[in-house]
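Spelled out, the chains give:
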Amino acid sequence: MWFNTLESPPLPGLMKEISIEGVRLVITNVDSQIYCFDNRCPHEEFNLSLGCIKKSFVRCALHGYEYNLSTGRCSEKEIPELVTYPVKVKDELIFVQMSEANEL
Ligand code: FES
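Quick look at the structure, then.

Conventions and cut-offs
- Counting restarts for each chain: residues are numbered from 1 in the order of the written sequence.
- With the structure being a predicted model, the display of local features is reserved for residues of pLDDT at least 70 and the display and counting of side-chain atom pairs for 80 or more, all residues being used for whole-chain, interface and lining totals.
- Calculated side-chain values reflect all of the structure's heavy atoms, with hydrogen atoms and water omitted.
- Only Phe, Tyr and Trp rings take part, Trp by its six-membered ring, and two of them pair if their centres are within 6.5 Å. Stacked means planes under 30 degrees apart, edge-to-face means over 60, and tilted covers everything else.
- Two limits define a charge over a ring: the Lys NZ or Arg CZ must be within 6 Å of the ring centre, and within 35 degrees of the ring normal.
- The criterion for strand pairing is that DSSP finds at least two bridges linking the strands in question.
- Helix numbering and strand numbering both begin at the N terminus, where a helix is a DSSP run of H or I of at least 4 residues and a strand a DSSP run of E of at least 2.
- Axis angles are defined between N-to-C directions and span 0 to 180 degrees, where every axis is a line fitted to C-alpha atoms and, for a helix, only to the segment in contact.

So, about the packing of aromatic side chains. Counted according to the given criterion, the structure contains zero aromatic pairs. We note Lys88 situated over the ring of Trp2; from NZ or CZ to the ring centre the distance is 4.5 Å. Directly above the ring of Phe95 sits Lys88, whose terminal nitrogen or CZ lies 6.0 Å from the centroid.

Turning to the sheet that holds strand S9 (residues 87-90), a few remarks are in order. One open sheet accounts for three strands, arranged S1-S10-S9; its pairing is antiparallel. Sheet topology places strand S1 (2-6) and S9 at the edges, where each strand pairs with a single neighbour. Ignoring which end each strand starts from, the neighbouring axes of this sheet average 35° apart. Strand direction decides the pairing type here: S9 and strand S10 (residues 93-97), joined by four bridges, are antiparallel.

Shown next as structure tokens:
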């Protein structure tokens with residue numbers, strides 16, 4: 001199911017916190033590519049929105065692990081992948097797709 005989330009993309013490199021059906025997410029903009037991911041680090045569930053965006057990675061502020069925004073893969077092999085969500089942009093509106101499995 002697609003959810004209309006923002007009326008315009010975040011400024012490049014900034015993270016915008018949103019919530020869909022009780023799931024805390026982050027939307028960010030890297031070189032006009034929009035990404036959406038869980039606002040919860042797979043390592044120890046720290047808020048990723050407190051970290052920073054470096055190119056196409058989000059860096060967790062707590063221990064510094066980095067997650068690829070396209071694949072969710074972590075810089076540390078033993079850490080689970082970050083959950084990412086499909087995004088589409090139509091007339092500046094940002095839509096995020098969540099399946100029922102993602103909903104709490
Ligand atoms: S809690 Fe995010 S890297 Fe440890």
